[in-house]
Protein chains: 4
Amino acid sequence: MTLWGGRFSKKLDPQAWALNASLPFDKRLALQDVRGSVAWAKAIQQAGVLTQPECSQICAGLEAIRNEFEKQGFVFQESDEDIHTAVERRLVELIGPVGGKLHTGRSRNDQVATDFRLWMMEAIEDLSGAITSLQETLVGRAGSDMDVLLPGYTHLQRAQPILLSHWWLSHFWPLQRDLERFAQIRERTAILPLGSGALAGTSFQVDRLALAADLGFSLPSQNSLDAVSDRDFAAEFLFCSALTGVHLGKLAEQVILYCTAEFGFFELSDAFSTGSSLMPQKKNPDIFELTRGKTGALLGYLTGLMSTLKGLPSAYDKDLQEDKVPVFQAYDTLMAILPVIAGALKTLTLHPEKMGAAMDPAMLATDLADYLVGKGLPFRQAHILTGQAVQMAAQTGKHLSALTLAEFQSLDPLFDNNLYLVFEPQHSLGRRNVIGGTAPEAVRKQMQIAKEILLNAGRE
Amino acid sequence: MTLWGGRFSKKLDPQAWALNASLPFDKRLALQDVRGSVAWAKAIQQAGVLTQPECSQICAGLEAIRNEFEKQGFVFQESDEDIHTAVERRLVELIGPVGGKLHTGRSRNDQVATDFRLWMMEAIEDLSGAITSLQETLVGRAGSDMDVLLPGYTHLQRAQPILLSHWWLSHFWPLQRDLERFAQIRERTAILPLGSGALAGTSFQVDRLALAADLGFSLPSQNSLDAVSDRDFAAEFLFCSALTGVHLGKLAEQVILYCTAEFGFFELSDAFSTGSSLMPQKKNPDIFELTRGKTGALLGYLTGLMSTLKGLPSAYDKDLQEDKVPVFQAYDTLMAILPVIAGALKTLTLHPEKMGAAMDPAMLATDLADYLVGKGLPFRQAHILTGQAVQMAAQTGKHLSALTLAEFQSLDPLFDNNLYLVFEPQHSLGRRNVIGGTAPEAVRKQMQIAKEILLNAGRE
Amino acid sequence: MTLWGGRFSKKLDPQAWALNASLPFDKRLALQDVRGSVAWAKAIQQAGVLTQPECSQICAGLEAIRNEFEKQGFVFQESDEDIHTAVERRLVELIGPVGGKLHTGRSRNDQVATDFRLWMMEAIEDLSGAITSLQETLVGRAGSDMDVLLPGYTHLQRAQPILLSHWWLSHFWPLQRDLERFAQIRERTAILPLGSGALAGTSFQVDRLALAADLGFSLPSQNSLDAVSDRDFAAEFLFCSALTGVHLGKLAEQVILYCTAEFGFFELSDAFSTGSSLMPQKKNPDIFELTRGKTGALLGYLTGLMSTLKGLPSAYDKDLQEDKVPVFQAYDTLMAILPVIAGALKTLTLHPEKMGAAMDPAMLATDLADYLVGKGLPFRQAHILTGQAVQMAAQTGKHLSALTLAEFQSLDPLFDNNLYLVFEPQHSLGRRNVIGGTAPEAVRKQMQIAKEILLNAGRE
Amino acid sequence: MTLWGGRFSKKLDPQAWALNASLPFDKRLALQDVRGSVAWAKAIQQAGVLTQPECSQICAGLEAIRNEFEKQGFVFQESDEDIHTAVERRLVELIGPVGGKLHTGRSRNDQVATDFRLWMMEAIEDLSGAITSLQETLVGRAGSDMDVLLPGYTHLQRAQPILLSHWWLSHFWPLQRDLERFAQIRERTAILPLGSGALAGTSFQVDRLALAADLGFSLPSQNSLDAVSDRDFAAEFLFCSALTGVHLGKLAEQVILYCTAEFGFFELSDAFSTGSSLMPQKKNPDIFELTRGKTGALLGYLTGLMSTLKGLPSAYDKDLQEDKVPVFQAYDTLMAILPVIAGALKTLTLHPEKMGAAMDPAMLATDLADYLVGKGLPFRQAHILTGQAVQMAAQTGKHLSALTLAEFQSLDPLFDNNLYLVFEPQHSLGRRNVIGGTAPEAVRKQMQIAKEILLNAGRE
């Protein structure tokens with residue numbers, strides 16, 4: 001059965017059918033389709049299209065179908081073109097021709113947009129939960145790893161000492177922005193298209209404000225042409241997923257690096273590592289590599305849909321059917337990655353001695369320049385002088401802190417014995433006591449703010 | 001001059017210099033760099049790094065530089081690696097070595113992120129203004145073209161009659177979502193990175209809350225590592241620009257179609273059309289084709305930056321320098337397109353007779369089915385019957401409305417003479433009187449809401 | 001069972017397992033994996049690793065497994081991490097511990113690259129066949145629709161008359177370039193990675209030239225590090241698929257336009273059209289819209305993989321596991337689209353009367369300018385004069401050909417009565433008798449060349 | 001002046017003009033435009049459109065213009081819409097109205113496609129030269145660094161010992177594939193569109209075979225509709241550029257890693273490093289980070305153009321004007337990167353002692369398993385046993401090679417004293433003596449092949 005065909009004299013070619021059918025992926029919207037249909041039945045009953053008994057019959061039938069879906073008992077048929085057809089086909093099987101009244105004043109164009117938005121509103125909640133769990137892991141580690149020092153890098157070169165907790169928290173904030181974006185997408189998704197008909201608005205006096213409220217939307221859409229063609233929410237979802245992927249990928253890249261023998265700061269639990277079929281010694285951070293690699297796929301989903309949307313001519317074009325697969329793939333990707341990363345981070349072993357060993361005194365060069373600034377030198381000159389000291393140390397094969405006072409003074413007589421105090425990493429950390437800085441006090445405040453955010457997230 | 005070099009024994013290779021230098025594009029941040037530097041000077045004076053006279057000297061020097069930029073009198077030198085270097089170089093020229101104190105406690109990492117955010121906050125205001133202007137044009141046309149009927153399309157096939165004003169407004173709402181997104185990006189952009197140093201936070205007691213307020217940011221960043229590496233705002237800007245491009249491209253596609261000889265609904269003013277070097281009769285909608293074509297480029301900028309961000313390892317990596325060119329290109333693209341589209345739409349000539357001629361009676365088939373629903377038939381059967389009538393009309397080469405009552409009744413005796421009333425497009429329109437529907441009353445309400453939105457936008 | 005684990009003290013976390021496992025998609029390489037394993041067994045027997053009886057045992061076991069795959073009788077187990085593991089697990093079940101000798105000197109890194117290349121070489125043959133079939137359809141239509149005139153468009157504005165056959169053939173050549181590209185990719189894919197081990201080359205004296213020949217590769221790879229990480233062939237496949245998608249999408253866009261009521265040149269068979277759940281009159285070109293829409297997805301697959309490949313650090317990184325899904329999706333997409341388009345084009349009904357009615361005399365304006373050129377006027381002036389004639393016609397509401405001789409002469413006395421000859425479309429066509437031109441003679445020659453290409457394709 | 005306008009009653013709106021004008025970027029095609037115009041003048045003289053003196057006049061005028069371009073003496077005017085207009089405008093200035101005969105039978109549609117292809121054929125030669133130079137650098141380093149051992153990585157974990165020369169050469173082969181692809185693109189670019197007119201073929205009897213030969217094309221295009229719309233060559237160029245970018249980015253990623261303090265294998269020359277404005281000790285691999293970062297931009301150019309091409313409706317649409325900027329940007333990007341990388345690699349200092357120190361005995365675990373295979377154990381069991389030895393070593397905090405024979409034998413009595421021989425990296429290398437393997441003999445052969453390829457490249 002199709003929901004059309006009266007005017008057609010030939011059946012669809014089988015290969016064309018296969019190309020056209022969306023059931024293989026849109027059956028994922030089964031529960032949303034039933035839910036939307038129940039609400040629609042009530043709305044058109046209220047509008048006088050259905051009698052109260054008809055409405056009850058239809059709703060009972062739909063409840064039975066929902067039950068079948070939930071118990072995996074629903075049997076799809078080859079002739080089901082899409083989930084909407086399958087539900088209506090089954091409804092008529094269950095309750096007879098009155099089931100054919102359900103689609104009055106409705107089109108698959110507004111129906112599928114409604115189903116998809118319903119699905120996405122739930123999906124965003126799931127995703128947000130998974131992101132929040134990862135944030136909790138990060139804050140948890142920041143709390144338990146307090147006082148561990150880590151070399152901070154820029155350009156992947158040793159830069160300045162930081163607190164490991166500061167590093168953990170540096171991955172909290174991007175996720176917080178992701179959550180904020182997803183929440184804003186959810187709000188824009190909560191605009192009800194149902195009642196827009198195929199393109200021009202339904203021709204029955206449906207109370208769309210009530211319908212929106214019934215289905216958990218905040219408002220009905222304001223323009224039917226826009227309502228059936230708008231896929232901004234899907235594009236936004238894919239963008240935000242891809243950006244979340246970028247954030248996870250950046251975290252993954254750093255974990256992979258810190259798990260190398262060369263850095264050696266982190267060690268993954270065996271429960272979150274894999275081996276090699278050939279090399280018996282290998283312990284690989286596959287799950288972080290997959291996280292990084294899947295960032296590419298997430299970006300591809302976004303590019304794909306945006307390109308599909310580009311240049312479409314009508315209120316509704318069939319091209320829009322291509323909206324669901326990438327969104328489902330993006331959701332599944334993130335839902336697969338997020339808990340695994342959280343699990344792996346929770347069970348990560350630290351090697352603080354390796355972090356300490358990597359704390360090259362040259363990382364305090366900025367503090368040394370600041371020391372000269374304290375003696376009245378403009379920073380620009382202090383920077384040059386300190387650079388020369390670094391060069392001198394490199395040429396003599398010494399650590400910067402191992403240059404003698406005489407050597408320092410050969411560069412500038414301003415140096416005195418106090419200079420050696422700057423080579424204490426804790427001293428450097430302590431000086432960076434501004435909002436967002438790596439000083440222990442500042443990091444503790446930062447952690448407090450993060451915890452409050454999580455607490456509020458839990459309350460919502 | 002570079003802002004580094006003390007530890008280096010060789011000058012940068014000239015080709016490497018050219019690859020590395022960002023001045024060719026970041027000089028666009030000149031005014032922002034000066035503004036941020038003035039605020040920084042005051043902040044470090046307050047923190048005790050500069051004396052009051054030093055601070056005044058520096059600020060006066062920076063004001064002089066701002067003046068040079070505004071009057072196009074600033075002379076860049078080959079040795080200026082980037083805009084920050086250029087400004088500091090010039091400052092020292094103007095006020096002597098004390099200028100070398102400005103960079104104390106600051107890094108180009110937090111500086112460039114600050115400049116770029118300052119630029120973007122202004123850019124979003126400009127863009128929002130240009131989008132709002134286009135919205136005003138759309139609402140203006142909706143007002144003046146009220147009562148013109150247009151065939152509505154799905155799948156580019158004639159579907160149902162709509163009001164032209166409804167169509168104009170269908171392009172208002174996507175732009176409204178774009179504005180909402182840009183406003184949200186602006187809020188996320190208004191987080192101050194300055195004071196984050198290179199990665200670990202500045203080592204001087206700078207009041208970052210005051211600094212944020214001074215520069216028009218809402219808050220300082222909470223984590224210095226994140227602050228210097230976060231380019232979410234740039235990615236978001238590119239995404240939102242690309243999505244705006246998709247919306248403009250969809251409008252463009254439809255205008256291009258409606259300007260064809262075959263549709264013939266619209267005619268562009270000569271002031272917004274171009275011709276052919278070979279074919280003297282041609283009048284081409286180039287500006288709408290370029291709008292559609294540039295959607296691709298906008299998507300490319302987004303993809304490019306997202307891919308650049310993917311897998312970065314440190315707090316700051318030089319890869320991030322690639323963030324500015326695509327953002328500038330996206331901004332310039334939209335600012336070039338938006339006013340031209342507005343101008344072209346304002347001066348568009350309508351051919352309502354062509355729209356009327358395209359109003360095939362078969363477009364009322366849904367209303368015919370609804371008519372049968374009114375007689376108690378389930379919609380599904382009404383749909384089938386009507387489809388058969390359409391087929392009968394096609395086979396006999398008649399318009400659907402030209403079938404005789406006998407012919408209709410050969411399909412089902414339910415048909416009676418009243419059926420012919422459905423073939424009046426105005427009747428069809430009037431029935432779609434729900435929120436967002438194409439009924440004149442609904443469209444007038446919609447227009448009212450749109451006007452209020454514009455009014456509020458103007459007030460902000 | 002995994003192919004590793006000796007050094008691990010914990011089992012992989014179940015969610016990490018699910019993220020890591022590639023069986024859900026790489027089982028598609030089952031037959032290739034068996035084929036590559038048989039060849040490998042022979043190669044290491046020749047290298048002295050296996051005895052002849054061991055080799056025979058292993059090969060017999062593998063043949064049994066191949067049989068199971070072909071008869072859908074192979075039972076995967078939850079513990080099968082990937083297709084390679086599944087095959088080896090089953091082999092040991094079938095023939096005992098000697099099966100554990102198969103993986104000697106081999107790694108999954110070189111194995112999977114080999115399997116994937118084997119798959120792709122076959123896939124390209126399938127795809128090329130499907131593309132060639134579509135080309136045959138196009139040439140077939142060009143042959144049967146000879147002498148039908150079609151308005152040619154640029155900027156979607158009527159430009160010059162062309163032959164419909166010329167239009168059909170305009171879609172032949174892009175596909176021919178696609179075939180050429182796929183053939184070149186196939187050649188680059190036919191480089192054997194097997195024998196590269198995990199990264200450094202196999203440590204047994206395998207004759208890789210013989211192994212390559214045995215498996216149908218042209219040569220072994222020259223560098224083991226490159227061999228295990230090279231995914232150029234996958235990226236190229238995705239690029240070429242996306243470009244093929246662009247070509248099909250362009251064809252689709254034009255068919256969709258020509259099937260509108262407004263153009264009306266084409267009518268799809270009912271067997272290749274679909275309807276609306278709401279609007280009984282609708283007959284939609286869904287399959288062409290899906291073709292156009294899927295171009296976006298194809299581009300997304302390309303972008304995704306390229307972005308995944310970007311910035312990878314090692315010889316083999318697990319990120320590379322993300323290579324297969326997009327390639328399979330691209331292949332499936334094209335294989336689903338191509339035959340349906342061919343079927344739809346074969347059964348397309350033409351409406352030459354609509355094409356004729358669209359042949360506006362202004363489309364001969366270039367010929368009119370050429371006529372003036374024939375009288376000695378520089379083309380630039382002839383173009384201006386003709387443009388003025390077009391404007392005069394538009395202002396007086398006449399067709400260009402309906403201007404009187406006096407009106408023409410008011411623009412320039414050079415015009416004489418012969419000018420009206422140019423308004424015969426056939427005359428215009430006939431003048432474009434250069435290689436690649438739309439003159440009937442030129443199109444017949446073009447068709448001949450196309451047929452020879454197809455003939456040669458058939459012979460290969 | 002525009003090349004059209006006769007039929008227009010209003011001038012183009014200034015902002016529309018700015019949006020429409022392509023001169024800012026297509027002036028880069030100036031020399032190609034002149035060259036194509038000279039050939040066209042000769043072709044239409046031969047076709048009888050121009051007399052011999054007219055042709056000579058025009059060619060002389062064009063030569064004068066070429067001269068102006070080459071000496072930077074050409075003055076563009078605000079009214080020059082594009083490079084074609086500028087050249088024709090100047091030609092008429094120089095030689096009078098006869099210049100207006102040049103455009104006879106030609107359209108900007110075929111003209112710009114010709115210019116762009118001419119440019120690209122030259123661009124590919126330049127690029128290929130720059131790539132070949134980098135290959136020479138790689139082969140040069142492979143030659144001079146022979147005998148240096150490097151840890152080989154997979155998953156960024158130490159895997160097996162390799163020769164540094166093998167690693168250098170692993171970056172040779174991807175570039176070789178890039179060259180092959182560029183050469184194939186060049187062949188497909190060498191198809192002449194000129195003579196296709198606006199879309200239907202030129203109406204004058206131009207000998208397109210001769211014209212193709214005159215301009216260095218291999219053949220004329222076979223279908224005029226396809227010829228003016230085909231941008232496959234641009235898309236291919238962008239794809240191949242992006243893939244080259246991926247290869248360079250992978251090299252860059254590895255260099256960045258090997259330049260970290262933690263790996264420490266490489267040290268960049270000061271002439272190819274940059275510093276920090278804040279941290280005096282920093283020496284950053286900016287040029288490799290930029291290389292990696294620009295991979296994103298290159299991918300963006302590709303995505304952008306592909307998306308622009310998607311869904312275009314006509315033979316020529318103005319959207320195609322968007323083809324040039326990304327191609328120019330891609331070319332400029334690669335031409336900026338390639339010589340700098342070559343320079344940086346040539347001047348790179350090695351730290352073989354760091355490479356040696358990183359040669360963990362566990363990297364010989366595969367060889368240890370192979371040793372057990374030599375004793376008759378199936379590899380799978382040998383792998384498990386070796387894995388257990390690795391675990392034992394890890395648990396006791398010893399190197400794998402430091403386990404006592406008794407400890408090994410506690411795992412399996414097959415172990416004997418000879419096992420310790422496997423821990424000699426040179427032994428491991430020597431065993432990988434297959435085509436493409438890392439054994440010194442195999443690498444020398446590989447280098448020989450690479451040198452022959454370069455020799456042949458030089459000869460072409």
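Please read all numbers here as calculations on a predicted model, not as lab measurements.

A. A look at the overall build of chain A. A tally of regular secondary structure across chain A gives 19 helices and six strands. Scaling as 2.2 N^0.38, a compact globule of 460 residues should have a C-alpha radius of gyration of about 23 Å, whereas chain A reaches 30 Å, well beyond that. Dimensions of chain A, computed from C-alpha atoms along their principal axes, come out at roughly 100 × 55 × 40 Å. Looking at chain A as a whole, 71% of its 460 residues qualify as buried. Per element, the accessible surface of chain A, about 13500 Å² overall, is 54% carbon and sulfur. In chain A, 42 side chains carry a positive charge and 52 a negative one; their mean positions are 1 Å apart.

B. Local environment of the nonpolar core. If you look at the biggest cluster of nonpolar residues, it comprises 648 residues, and the most contacted ones within it are Phe266 of chain A, Phe266 of chain B, Phe266 of chain C together with Phe266 of chain D. Contact partners of phenylalanine 266 of chain C, with chain neighbours within four places excluded, come to Leu164, Trp167, Trp168, Val255, Tyr258, Cys259, Leu348, Thr349, Leu350, His351 and Met355 of chain C.

C. Structural context of the side chain of glutamate 236 of chain B. Relative to the helices and strands, glutamate 236 of chain B resides in helix α11 (residues 232-258). Excluding its chain neighbours within four sequence positions, the residues that come into contact with glutamate 236 of chain B are Arg181, Phe239 and Leu243 of chain A together with Ile185 and Arg188 of chain B.

D. How the structure looks around the interface of chain C and chain B. With 45 residues of chain C at the interface, the matching set in chain B holds 45 residues. For the chain C and chain B pair, buried surface summed over both sides reaches about 3600 Å², with 55% attributable to carbon and sulfur atoms. Between the two partners, chain C and chain B, sit two salt bridges. In this structure, the connection of chain C to chain B is made through 27 residue pairs in polar contact (both at pLDDT 80 or more). Per element, the largest residue contribution to the side of chain C that touches chain B is six residues, and it comes from helix α16 (residues 379-396) of chain C.

E. Spatial organisation of the relation of the copies chain C and chain B. Note on the copies: chain C fits chain B at an RMSD of 0.1 Å, the axial shift is 0.0 Å, and the rotation between them is 180°. The superposition of one copy onto the other is thereby described by a two-fold rotation axis. Interface overlap between copies: 100% of the residues of chain C at the interface are likewise at the interface in chain B, consistent with a symmetric, same-surface contact.

F. Region of interest: the environment of lysine 42 of chain B. Mapping lysine 42 of chain B onto the fold places it in helix α3 (residues 30-46). When neighbours within four sequence positions are excluded, lysine 42 of chain B is seen to be in contact with Cys55, Cys59 and Asp214 of chain B.

G. Region of the structure containing the domain arrangement of chain A. Residues and elements named next belong to chain A. Each assigned domain of chain A is listed with its residue range as follows: domain 1 (5-104), domain 2 (109-357) and domain 3 (362-423). Taking only C-alpha atoms into account, the centre of domain 1 sits 32 Å from that of domain 2. Taken together, the 23 residues of domain 1 in the interface contact 24 residues of domain 2. Buried surface at the junction of domain 1 and domain 2, summed over both partners, amounts to about 2100 Å²; 61% is from carbon and sulfur atoms.

H. Just the relation of the copies chain A and chain B, in detail. With an RMSD of 0.1 Å, chain A superimposes on chain B once it is rotated by 180° and translated 0.0 Å along the axis. By residue overlap, the copies meet face to face through one surface: 100% of the interface positions of chain A are interface positions in chain B.

I. Inspection of the packing of helix α11 (residues 232-258) of chain A against α11 of chain B at higher detail. As a packed pair, α11 of chain A and α11 of chain B sit with axes 11 Å apart at the nearest point and diverge in direction by 155°. Classified by the interaxial angle, the pair formed by α11 of chain A and α11 of chain B is roughly antiparallel. Of the two elements, α11 of chain A crosses α11 of chain B, and the hand of that crossing is right-handed. Taken together, the residues of α11 of chain B that come into contact with α11 of chain A (itself represented by Asp232, Ala235, Glu236, Phe239, Leu243 and His247 of chain A) are Asp232, Ala235, Glu236, Phe239, Leu243 and His247 of chain B. Its residues assigned to classes, the contact of α11 of chain A with α11 of chain B shows six nonpolar, two polar and four charged.

J. Layout of the interface of chain A and chain B. Each partner contributes residues to the interface: chain A has 108 residues there, and chain B has 108 residues. Between chain A and chain B the total buried area reaches about 8900 Å² when both faces are included, carbon and sulfur atoms providing 59% of it. Three residues, Gln222, Arg380 and Ile435 of chain A, lead the burial of chain A against chain B; their summed loss comes to 8% of the area buried on that side. At the boundary of chain A and chain B, one finds 14 salt bridges. Linking chain A with chain B are 56 residue pairs in polar contact (both at pLDDT 80 or more), by the criterion used here. Among the elements that make up the side of chain A that touches chain B, the one with the highest residue count is α11 of chain A (13 residues). Along the lines of polarity and charge, the residues of the side of chain A that touches chain B split into 44 nonpolar, 42 polar and 22 charged.

K. Focus on unusual backbone geometry. Residue and element names in this part refer to chain B. With phi around 60°, glutamine 72 is a residue other than glycine that occupies positive phi space. On the secondary structure map, glutamine 72 appears in the loop between α4 (52-70) and α5 (83-95). By relative accessible area, which is 70% here, glutamine 72 ends up exposed.

L. Representation of the pattern of salt bridges in the model. Residue and element names in this part refer to chain D. This model, assessed by the stated rule, comprises 148 salt bridges over all chains. Across the pair arginine 141 and aspartate 145 runs a salt bridge whose closest N-O atoms are separated by 3.0 Å. Of the two residues, arginine 141 and aspartate 145, both sit in the buried class. Residue glutamate 407 is joined to lysine 398 by a salt bridge in which the shortest nitrogen-to-oxygen separation is 3.0 Å. Residue lysine 398 is classed as partly exposed on the basis of its relative accessible area of 32%.

M. Here's a closer look at the packing of aromatic side chains. For the structure on display, the rule yields 104 aromatic pairs over all chains. Look at phenylalanine 74 of chain A and phenylalanine 76 of chain A: their rings are 4.8 Å apart centre to centre, the planes differ by 55°, and that puts the pair in the tilted class. For phenylalanine 74 of chain A, a relative accessible area of 9% puts it in the buried group. Under the relative-accessibility criterion, phenylalanine 76 of chain A is labelled partly exposed at 29%. Look at tyrosine 258 of chain C and phenylalanine 266 of chain C: their rings are 5.4 Å apart centre to centre, the planes differ by 80°, and that puts the pair in the edge-to-face class. Residue class for tyrosine 258 of chain C comes out buried when judged on its relative accessible area of 4%. One Lys or Arg, arginine 7 of chain A, reaches over the ring of phenylalanine 8 of chain A and ends 5.6 Å from the middle of that ring. The side chain of arginine 431 of chain A reaches across the aromatic face of phenylalanine 204 of chain B, ending 5.5 Å from its centre.

N. Expanded view of helix α16 (residues 379-396) of chain A. Along its 18 residues, α16 of chain A runs 25 Å from first to last C-alpha, staying within 8% of the 26 Å computed at 1.5 Å per residue. Among the residues of α16 of chain A, those classed as buried are Phe379, Arg380, Ala382, His383, Leu385, Thr386, Gly387, Ala389, Val390, Gln391, Met392 and Ala393 of chain A. Buried-residue contacts for α16 of chain A involve α15 (365-374) and α17 (405-411) of chain A together with α5 of chain B. Trailing α16 of chain A by a residue or two, glycine 397 of chain A shows a phi angle of about 70°, which is positive.

O. Fine view of a nonpolar patch on the surface. A surface patch of nonpolar side chains, amounting to about 240 Å² of accessible area, comprises Leu209 and Leu219 of chain A together with Ile435 of chain B. Locating leucine 219 of chain A in the fold gives a position in strand β4 (residues 219-220). You can call leucine 219 of chain A partly exposed: its relative accessible area is 41%.

P. Here's a closer look at the side chain of serine 269 of chain D. Residue position: serine 269 of chain D is located in the loop between β5 (266-267) and α12 (286-309). Given a relative accessible area of 8%, serine 269 of chain D falls into the buried group. If near-sequence neighbours (up to four positions away) are discounted, serine 269 of chain D is found in contact with Lys10 of chain B together with Lys283 and Thr347 of chain D.

Q. Structural view of the environment of alanine 297 of chain A. You can see alanine 297 of chain A is positioned in helix α12 (residues 286-309). Put simply, alanine 297 of chain A and alanine 330 of chain A are 33 residues apart on the chain and 8.2 Å apart in space, counted from C-alpha to C-alpha. Other than its neighbours up to four places away in sequence, alanine 297 of chain A contacts Gly304, Thr308 and Glu322 of chain C.

R. The pairing of strand β1 (residues 149-154) of chain B, seen in detail. Residue and element names in this part refer to chain B. The element β1 is extensively covered by neighbouring structure, given that six of its six residues are classed as buried. Of the two faces of β1, both are covered, the one formed by Leu149, Pro151 and Tyr153 as well as the one formed by Leu150, Gly152 and Thr154. Where β1 meets strand β2 (residues 157-163), six bridges bridge the pair, whose relative direction is antiparallel. Paired with threonine 154 across the bridge in β2 is glutamine 157. Linking two consecutive strands that pair antiparallel, namely β1 and β2, is a turn of two residues; a positive phi of about 55° is found at histidine 155 within it.

S. View of helix α13 (residues 324-346) of chain D. Look at α13 of chain D: 34 Å from first C-alpha to last across 23 residues, which is about the 33 Å you get at 1.5 Å a residue. The buried count for α13 of chain D comes to 17 of 23 residues, which makes it a mostly enclosed element.

T. Region of the structure containing the packing of helix α15 (residues 365-374) of chain B against helix α16 (residues 379-396) of chain B. Residue and element names in this part refer to chain B. The N-to-C vectors of α15 and α16 enclose an angle of 135°; their axes lie 8 Å apart at closest approach. By the angle class used here, α15 and α16 are oblique. For the pair α15 and α16, the crossing hand works out as right-handed. The residues of α16 that touch α15, namely those facing Ala365, Leu368, Ala369, Asp370, Leu372 and Val373, are Phe379, Ala382, His383, Leu385, Thr386 and Val390. The residue inventory of the contact of α15 with α16, partitioned by class, reads nine nonpolar, two polar and one charged.

Thresholds, definitions, all that
Residues numbered from 1 in each chain as written. Chains lettered and ligands numbered in written order. Predicted model: local features only at pLDDT ≥ 70, side-chain atom pairs only at ≥ 80, totals over all residues. Heavy atoms only, no water. Helix = DSSP H or I, 4+ residues; strand = E, 2+ residues; numbered from the N terminus. Rg over C-alpha atoms; globule rule 2.2 N^0.38 Å. Buried < 20%, exposed > 50% of the residue type's maximum accessible area, 1.4 Å probe, protein only. Areas by Shrake-Rupley, 256 points an atom, 1.4 Å probe, with all protein chains shown as cover. Lys, Arg positive; Asp, Glu negative; His and termini not counted. Charge placed at Lys NZ, Arg CZ, Asp CG, Glu CD. Core = buried A, V, L, I, M, F, W, Y, C linked by side-chain atoms within 4.5 Å. Contact = heavy atoms within 4.5 Å. Buried area = accessible area lost by both parts, 1.4 Å probe. Salt bridge = Lys/Arg side-chain N within 4 Å of Asp/Glu carboxyl O. Polar contact = N/O pair within 3.5 Å; in protein donor to acceptor, adjacent residues only side chain to side chain. Least-squares fit on C-alpha atoms with pLDDT ≥ 70 in both. Domains from an automatic or database assignment. Axes fitted to C-alpha atoms, helices over the stretch in contact; angles between N-to-C directions. Parallel < 35°, antiparallel > 145°, perpendicular 65-115°, else oblique. Left-handed = near helix turned anticlockwise from the far one by under 90°. Nonpolar A, V, L, I, M, F, W, Y, C, P; charged D, E, K, R; others polar. Phe/Tyr/Trp six-rings, centres within 6.5 Å; stacked < 30°, edge-to-face > 60°. Lys NZ or Arg CZ within 6 Å of the ring centre and 35° of its normal. Expected span 1.5 Å × (residues − 1). Patch = residues over 30% accessible without salt bridge, like charges linked within 9 Å, V, L, I, M, F, W, Y side chains within 5 Å. Pairing = 2+ DSSP bridges.

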